[in-house]
Amino acid sequence: MSVLNKLFSKGAGPIKDGGMWMPMSPNDDGKMESKGYLFIEFETVEAAIAAVKNLDGHKMSKSHQLSVNKFTDVEKYGKMSDEYVEPKTTDFQAKEHIKGWLADDQARDQFVMYRGEDVSVFWNRKSEDPEHVHTRNNWTETYVQWSPLGSYLSTFHTQGIALWGGPSWNQIVRFVHPGVKLIDFSPNERYLVTWSNEPIQPSKFPADSPNPFSEYDEGNQVVIWDVKTGALLRSFPSVEENSTKSVQWPMFKWSQSEKYFARVVPKQQLSIYEAPSMGLLDKKSIKIPGIMDFEWSPGRGQDDAKLVQKEQDTLAYWTPEVGNQPARVTLMSVPNKEIIRTKNLFNVNDCKLFWQSKGYYLAVKVDRHTKTKKSQFSNIEIFNLCEKGVPVETLEIKDPVIALAWEPRGERFATITSSDPNYTSQTAGAQQQQTTIKTVLSLYALDHASKAHQNGFAPFKIFDKKTCNYLFWSPKGRHLVTATLRNSSVFDLEFWDLDFEPLNTNSSNDGGKSATAATQVQLLTTKEHYGVSDIEWDPTGRYVVSGSSMWRQSGDYGFILWDFKGQMLFKQNIDKFKQLLWRPRPHSLLTQDMKKKIKKNLRQYAKQFEEEDLAAGDANAAKLIAARRKAIEDWYGWRKATERRVTQERADLGKEIVKNADEGKSEVIEEWVEEVIEESEEIVE
């Protein structure tokens, strides 16, 4: 009894005096032994709930495991009828295909726009007006968000979240979570995480309203749901930063396989949970003193022969300097929790973790200070997960790194650095910068040519005297947009091609990995969008949208559609423009062999596409001419009708217009006179 008393007091809460009773009975030898169960009465309701949550399933030994239930549950199951009652079955109702938009015969992409109180979905039509699909007034109360694969559109409401989809844009499922502010999907859209700043209070739900919560969820703020069924899987208390009272989002981060999700209790521990059971991995958290942040690898080990770690998911976390212990970056495999690699760091202010899209490399941006702490600089530590032992390369950078981003599907990355003294005086990520800082754009790639830096990263092109502060890679790689966002005076957009092929060369394209990569980098164009606050690539990498949102700027709201070369295709100024998001696409189902076959026969497909574009252009031109002719006919018809009405009104009033003697006989002659205002001559050698 003393062992159980200690276990439940520590794992749940204080027990009332005399609150433990274990029924006993004599065995065959006449000795008293337990009947296999006991009753515990705690001092508080919270302690009783914690006992069920924390100790149900607890292993006392290899052959003994606790089953903890509320007394009310025992009563409920004891009163169940012995007669089987067959549940009612409902008739099957066919549902709309939630991925039907992918079957568009023109392979167009959709986007959602939030303006004023209206939320609308459109088809992109390049330089033509977007084709309207669906609009609803007051569809959301705060903002909208797509699911990662584009299956669902999420809208926010006072009572919770609603997911919409299909050709009719009907509601598919709703999740009751009052005051919800933030959401996050798992990578394959199986689970949804919601957060509200209002603690859950089941007792405050009206009796006639749906209430998915129980006393187990009392006071929690984070909920995980099953997207397909709408069922509540588990709720958690919110973890806030002690110093700022801010919430780190996403609070839970998912492994690429969706088998695990985890969160950090800052400076204390890393808690890894299993899905769909929602229980702690090995029923305990990992104590990591000082832990600040972590990131899962996006790599799929079983599907990629290049990765050394094939059977396990991988995550990386970092800890700051604690006492005499240096700062440290650690790679760990899950579920076996084996440490793959560690790297000690010194004089560290902060770290940011950046995984390459396939999980081949991990770049750690390390913000460091000198021994005197009067100046700051950065290092980039690159972990190579394609080689045994996971070697680490250190790139010394003299200046602070403002932005870093890997090329999707590639082995290149770009950085923006600044030595401008005004940078340190500004708050990073400020709503709007008043001072324009000078920056440097650097492009890095694996240096295969140099034997001294075999398989090492090196900058192959550096551009100074820039003002950009954000990087946006095309989802397909190769093309890059650098932008000066949320600035009060500079609004530049630069469009780059990192594999540019001049027409006068026959050299082969090596993907920018050799020493000649610098000659292939081309600034295609520089554009300006006044008040630009957001940049968004479409999922195919063909188009870019720059937007000026009323949430971030004051005046000139709207968006511009560009192609990947920086040519403006469409511009629209919209009053109270708030948000524009491209609809994501799921992963391609084509195999590599099928993709190679398509590339091989691309010219054959190109002819078909050109014919369709030409036909569409002719149809649009014919439609425009017909519309203009109809407008002219309507104008003349209205004018003649008005003239007849005015003439009749004058006749009724006795004020008929007296016709001139030469009416119908005079002739009007128009004469065009051309005049040369200025003429200049220039000799071109």
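None of the values given here were measured: they were computed from a predicted structure. (Residues numbered from 1 in each chain as written. Predicted model: local features only at pLDDT ≥ 70, side-chain atom pairs only at ≥ 80, totals over all residues. Heavy atoms only, no water.)

So, on to the nonpolar core. One finds Leu331, Leu362, Val364, Ile380, Phe383, Phe413 and Phe457 to be the most contacted residues of the largest nonpolar core, which totals 31 residues. Looking at this core, the elements with two or more residues in it are strand E21 (313-319), strand E22 (327-334), strand E24 (348-355), strand E25 (361-369), strand E26 (376-384), strand E27 (392-397), strand E28 (401-406) and strand E30 (439-447). Counting residues per element, this core draws most heavily on E25, which supplies 5 residues. Membership of the second largest hydrophobic core comes to 17 residues, among which are Ile161, Leu163, Val176 and Val180. (Core = buried A, V, L, I, M, F, W, Y, C linked by side-chain atoms within 4.5 Å. Buried < 20%, exposed > 50% of the residue type's maximum accessible area, 1.4 Å probe, protein only. Helix = DSSP H or I, 4+ residues; strand = E, 2+ residues; numbered from the N terminus.)

The next thing to look at is the pattern of salt bridges. Overall, the coordinates contain 22 salt bridges when judged by the stated rule. Between Lys337 and Asp282 there is a salt bridge, and its shortest N-O distance comes to 3.5 Å. Placement of the pair is Lys337 in the loop between E22 and strand E23 (339-345) and Asp282 in the loop between strand E18 (269-274) and strand E19 (286-287), with a sequence separation of 55 residues. Where Arg412 meets Glu407, a salt bridge forms, and the shortest distance between an N and an O atom there is 2.8 Å. One exposure class covers both Arg412 and Glu407, and it is buried. Among the ionic contacts, a cluster of salt bridges with common partners joins Asp104, Arg108 and Glu131. (Salt bridge = Lys/Arg side-chain N within 4 Å of Asp/Glu carboxyl O.)

With that settled, consider the pairing of strand E38 (residues 558-563). With 6 of its 6 residues buried, E38 lies for the most part within the structure. Side chains Gly558, Ile560 and Trp562 of E38 all project onto a buried face; the interleaved residues Phe559, Leu561 and Asp563 project onto the opposite face, where all are buried too. Sheet analysis places strand E37 (residues 543-548) next to E38, joined by 6 bridges and oriented antiparallel. Following the sheet pairing, Gly547 is matched in E38 by Phe559. In terms of strand pairing, E38 meets strand E39 (residues 568-573) through 5 bridges, oriented antiparallel. Looking across to E39, one finds that Leu561 is bridged to Phe570. (Pairing = 2+ DSSP bridges.)

Moving on to the environment of Leu524. Of note, Leu524 is situated in strand E35 (residues 522-528). Along the chain, Leu524 and Lys126 lie 398 residues apart, while their C-alpha atoms are 19 Å from each other. Residues within four places of Leu524 in sequence aside, it is in contact with His479, Phe495, Trp496, Asp497, Phe500, Phe564 and Lys565. (Contact = heavy atoms within 4.5 Å.)

Moving on, we get to the UniProt feature "domain: RRM" (unreviewed entry) in the protein chain. Cross-referencing UniProt, the feature "domain: RRM" (unreviewed entry) maps to residues 1-73 in the present numbering. Between the end C-alpha atoms of residues 1-73 there is a gap of 23 Å, over a span that is 33% helix and 23% strand. (UniProt positions renumbered as here; feature names shortened; annotations may be inferred.)

Take the sheet that holds strand E7 (residues 131-137) next. With respect to topology, 4 strands assemble into an open sheet ordered E7-E6-E5-E40, the strand pairing being antiparallel. Strands at the two margins of the open sheet, each flanked by one partner only, are E7 and strand E40 (577-582). Across the sheet, the axes of successive neighbouring strands diverge by a mean angle of 15 degrees, strand direction being ignored. Bridge count for strand E5 (residues 110-115) against strand E6 (residues 118-123) is 6 bridges, and the pairing is antiparallel. Across the sheet, the residue bridging to Gln110 is Trp123, located in E6. (Axes fitted to C-alpha atoms, helices over the stretch in contact; angles between N-to-C directions.)

The subject of this paragraph is a negative patch on the surface. A surface patch of like charges, here negative, comprises Asp105, Glu610, Glu611 and Glu612. With respect to the helices, strands and loops of the structure, Glu610 is situated in helix H7 (residues 602-653). The class for Glu610 is exposed, based on a relative accessible area of 54%. (Patch = residues over 30% accessible without salt bridge, like charges linked within 9 Å, V, L, I, M, F, W, Y side chains within 5 Å. Areas by Shrake-Rupley, 256 points an atom, 1.4 Å probe, with all protein chains shown as cover. Lys, Arg positive; Asp, Glu negative; His and termini not counted. Charge placed at Lys NZ, Arg CZ, Asp CG, Glu CD.)

The next point concerns the packing of helix H1 (residues 2-11) against helix H2 (residues 45-55). Contact pair H1 / H2: the axes reach a minimum separation of 9 Å and the direction vectors enclose 105 degrees. For the element pair H1 / H2, the angle class is roughly perpendicular. Of H2, the residues touching H1 (which contributes Leu7, Phe8 and Gly11) are Ala50, Ala51, Asn54 and Leu55. For the contact of H1 with H2, the residue count by class is 5 nonpolar, 2 polar and no charged. (Parallel < 35°, antiparallel > 145°, perpendicular 65-115°, else oblique. Nonpolar A, V, L, I, M, F, W, Y, C, P; charged D, E, K, R; others polar.)

Quick look at the domain arrangement of the protein chain now. You can read the domains of the protein chain as domain 1 (1-79) and domain 2 (402-422 + 437-500 + 519-588). For domain 1 versus domain 2, the separation of C-alpha centres amounts to 60 Å. (Domains from an automatic or database assignment.)

All right, on to unusual backbone geometry then. Geometrically, the link from Trp249 to Pro250 is a cis peptide bond, its omega value of 5 degrees lying close to zero. Take Pro250: it is sitting in the loop between strand E15 (232-236) and strand E16 (253-254). Between Val334 and Pro335 the backbone carries a cis peptide bond, its omega angle lying at 20 degrees. Turning to its location among the elements, Pro335 is positioned in the loop between E22 and E23.

Ordered by their spatial adjacency, 4 strands build an open sheet running E16-E17-E18-E19, and the pairing between neighbours is antiparallel. On the outer flanks of this sheet lie E16 and E19, each paired with one strand and no other.

Before going further, it helps to examine the side chain of Asn220. Summarising the element assignment, Asn220 is placed in the loop between strand E13 (191-196) and strand E14 (222-226). A distance of 2.8 Å separates the side chain of Asn220 from the side chain of Ser235, its partner in a polar contact. (Polar contact = N/O pair within 3.5 Å; in protein donor to acceptor, adjacent residues only side chain to side chain.)

Glancing now at the packing of aromatic side chains. A full pass over the atoms with the stated rule returns 36 aromatic pairs. A ring pair is formed by Phe463 and Trp496, whose centres lie 4.5 Å apart and whose planes are at 50 degrees; its orientation type is tilted. Separated by 33 residues along the polypeptide, Phe463 in strand E31 (residues 456-466) and Trp496 in strand E34 (residues 492-497) bring together distant segments of the chain. Grouping residues by exposure puts Phe463 and Trp496 together as buried. An aromatic cluster is built from Phe111, Phe122, Phe559, Phe570, Phe577 and Trp582, whose rings are joined through pairwise contacts. The side chain of Arg583 reaches across the aromatic face of Trp101, ending 3.7 Å from its centre. (Phe/Tyr/Trp six-rings, centres within 6.5 Å; stacked < 30°, edge-to-face > 60°. Lys NZ or Arg CZ within 6 Å of the ring centre and 35° of its normal.)

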